[in-house]
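Listed here are the chains, written in short residue letters.
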Amino acid sequence: MCGLRASTQPVVRLVRKHHLLVRVSHWLNLLLLAGLIVSGISIYWASPIYQHGPDPQTGNSDYFADAGVWLCAHVPGLHSCASPPDWLYNHFSLGPYMLAPAMRLHWCCAYLFMFNALVYLAGLCLGGEWRSLLPRASDGRGALFMAKHYLGAPFAWLSRRGRVPPRFNSQYNPLQRLAYFSIPVAGFLSVVTGWAIHKPMQLSWVAALLGGFDRARVWHFWLMCLFIAFVVPHVILVFAAGWDTVRSMITGWSSRIGDER
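Model, not experiment: these values are computed from the prediction. Residue indices follow the written sequence of each chain, beginning from 1 at its first position. The model is predicted, so local features are restricted to residues of pLDDT at least 70 and side-chain atom pairs to those at 80 or more, both for listing and for counting; the totals for chains, interfaces and linings are taken over all residues. For the side-chain quantities, the full set of heavy atoms in the structure was used; hydrogens and water were omitted.

### A word on the overall build of the protein chain
Short version of the rule: For the purposes of this entry, the term helix denotes a DSSP run of H or I that reaches at least four residues, the term strand denotes a run of E that reaches at least two, and both are numbered from the N terminus. Radius of gyration: C-alpha atoms only; globule rule: 2.2 Å multiplied by the number of residues to the exponent 0.38. To sort residues, take the accessible area from a 1.4 Å probe on protein chains only and compare it with the maximum for the residue type: under 20% means buried, over 50% means exposed, and anything in between is partly exposed. Note on areas: Shrake-Rupley, 1.4 Å probe, and residue coverage restricted to the protein chains presented here. Neither His nor the chain termini are counted; the positive set is Lys and Arg, and the negative set is Asp and Glu. To locate a charge, take NZ of a lysine, CZ of an arginine, CG of an aspartate or CD of a glutamate.
For the protein chain, the count of helices and strands is eleven helices and two strands. Ordered by position from the N terminus, the helices and strands of the protein chain form the series α-β-α-α-α-α-α-α-α-α-α-α-β. The C-alpha radius of gyration computed for the protein chain amounts to 23 Å, which surpasses the reference 18 Å derived for 261 residues by more than 25%, pointing to a less compact arrangement than a globule. Once the C-alpha set of the protein chain is aligned to its principal axes, its extents read approximately 85 × 50 × 30 Å. Within the protein chain, the proportion of its 261 residues that are buried is 30%. Of the roughly 16800 Å² of accessible surface on the protein chain, a fraction of 69% belongs to carbon and sulfur atoms. With 21 positive and 10 negative side-chain charges, the protein chain shows a spacing of 14 Å between the two charge centroids.

See the structure below:
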């Protein structure tokens, strides 16, 4: 009887999940994206893309400056801020009046970002992980099911009701595949738009394909917003999924529970 019970107990098996190059480039991407974003916001301060007529009270024409003024006026503890229009720039970038250092840091991170992308793609090819990241024709509907599941998770947690996530016979669910596939595409577009902004005369044909210099800046700005919109829920969902997900991106191995057969 004891032997029968022992044989039916689920066992934990270790499976290889991420290639070394994928893991190294993944963690480097976090640092490089942080450098690109904070330096990019300082560059944005020097020439905001979205502006309005000067405010009659503050004289601001930058929406980021408007947001800083509003935060300092309504959030407790920020009322004593010396320069409310610069609050966002002081806390989420290198700061105002830092255009030259921001440009140097931005392009240093940009070159490293491009090299790191090649390392990531090499890791995907060597480890064969690229197959599991390719979107499928049925991913649209599956992504909606997973989005519904994720959006309902906080309410289920508050009401203490157990929820079983949709099951898919693949390493990544459809929403993950679409998200993970879109980020390299966004990275490629950010490089293209960045070069169009940096060399508008030499690469005028690239800027023309993007709708001109000003439109290229708009695309570049919203690609930055896309990266931020991806990273924040990605980190939350990774930690919600448990330690095994984080461990697999550190060690390359993941645990899988199955019957001993």
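### As for the layout of surface pockets
Definition in use: A pocket, in this scheme, is an open set of points on a 1 Å grid over the protein atoms alone with protein on both sides within 12 Å along at least 5 of 7 lines, while a cavity is a set where a 1.4 Å probe fits but cannot get out; residues line either one if an atom lies within 4 Å of a point. Grid points are joined across faces, edges and corners, and a volume is the space filled by probe spheres set on the points. Residues are grouped as follows: nonpolar covers Ala, Val, Leu, Ile, Met, Phe, Trp, Tyr, Cys and Pro; charged covers Asp, Glu, Lys and Arg; every other residue, Gly included, is treated as polar.
One number sums up the size of the second largest pocket: a volume of about 710 Å³. Around the second largest pocket, the lining comprises 30 residues; the ones closest to its centre are G40, I43, H106, I197 and H220. When residues of the lining of the second largest pocket are assigned to their parent elements, the largest contribution, eight residues, is made by helix α2 (residues 20-46). Considering only residue class, the lining of the second largest pocket consists of 22 nonpolar, seven polar and one charged.

### Description of the nonpolar core
Here is the rule: Put simply, a nonpolar core is a bunch of buried Ala, Val, Leu, Ile, Met, Phe, Trp, Tyr and Cys residues held in one set by side-chain atoms that sit within 4.5 Å of each other.
Judged by nonpolar contacts, the single largest core of 18 residues is most densely connected at L36, F113, L133 and F227. Taken together, the elements giving at least two residues each to this core come down to α2, α5 (99-127), α8 (174-198) and α10 (213-241). Ranked by the residues each element gives to this core, the list is headed by α5, at six residues. I37, Y89, F221 and M224 belong to the second largest nonpolar core, which has six residues in total.

### Points about the pattern of salt bridges
To keep it simple, the criterion reads: Should a side-chain nitrogen of Lys or Arg be within 4 Å of a carboxyl oxygen of Asp or Glu, the pair is scored as a salt bridge.
Overall, the coordinates contain one salt bridge when judged by the stated rule. In this structure, the salt-bridge partner of R177 is D139, at a minimum N-O distance of 2.7 Å. With R177 in helix α8 and D139 in helix α7 (residues 139-159), this residue pair connects regions lying 38 residues apart in the sequence. Per residue, the accessibility class of R177 equals that of D139, and both read buried.

### Focus on the packing of aromatic side chains
Heads up, the rule is: Here the aromatic set is Phe, Tyr and Trp, taking the six-membered ring for Trp, and pairing holds for ring centres within 6.5 Å; pairs whose planes are under 30 degrees apart are stacked, those over 60 apart are edge-to-face, and all others are tilted.
Following the criterion strictly, the structure yields 14 aromatic pairs and no others. Aromatic side chains W107 and Y111 sit 5.6 Å apart centroid to centroid with 45° between the ring planes, which places their arrangement in the tilted category. With W107 and Y111 both in helix α5, this residue pair falls four residues apart, about one helical turn.

### Things to note about the packing of α2 against α5
What counts, and what does not: Under this scheme, a helix contributes an axis fitted over its contacting stretch, all axes are lines through C-alpha atoms, and angles between N-to-C directions fall in the 0 to 180 degree range. We call two directions roughly parallel when the angle between them is under 35 degrees, roughly antiparallel when it is over 145, roughly perpendicular when it lies between 65 and 115, and oblique otherwise. Each crossing is labelled by how the near helix is turned from the far one, with a counterclockwise turn of less than a right angle marking it left-handed and a clockwise turn marking it right-handed.
Contact geometry for α2 and α5: axes closest at 8 Å, N-to-C directions at 155°. By the angle between their axes, α2 is roughly antiparallel relative to α5. In the crossing of α2 with α5, the sense of the turn from one axis to the other is left-handed. The residue makeup of the contact of α2 with α5, split by class, is 21 nonpolar, nine polar and no charged.

### Regarding the environment of L210
The condition that has to hold: Only heavy atoms matter for contacts: two residues are in contact if any of them lie within 4.5 Å across the pair.
Within the secondary structure layout, L210 lies in the loop between α9 (204-209) and α10. Apart from residues no more than four positions distant in its own chain, L210 is found in contact with V192, T193, A196, R215, A216 and W219.

### Digging into the side chain of N116
Counted only if it meets this: Counting of polar contacts relies on pairs of N or O atoms within 3.5 Å, with two restrictions inside protein: one atom must be capable of donating a hydrogen and the other of accepting it, and residues adjacent in sequence are counted only when both atoms are side-chain atoms.
Tracing the sequence through the fold places N116 in helix α5. Separated by 3.2 Å, the side chains of N116 and N29 make a polar contact. Not counting residues within four places of it along the chain, the set of residues in contact with N116 comprises S25, L28, N29 and L32.

### Some thoughts on helix α11 (residues 243-251)
This is how the line gets drawn: Regarding the arc, it is the one traced by the directions from the helix axis to the C-beta atoms.
By the burial criterion, the buried members of α11 are V246, S248 and M249. When α11 is viewed along its axis, its buried side chains cluster within an angular range of 155° and face the same direction. One or two steps after α11, the chain reaches G252, where phi turns positive at roughly 90°.

### Some remarks on unusual backbone geometry
A positive phi angle, close to 60°, is found at Y97, a residue other than glycine. Along the chain, the position of Y97 falls in the loop between α4 (87-92) and α5. Overall, Y97 belongs to the exposed group, its relative accessible area being 66%.

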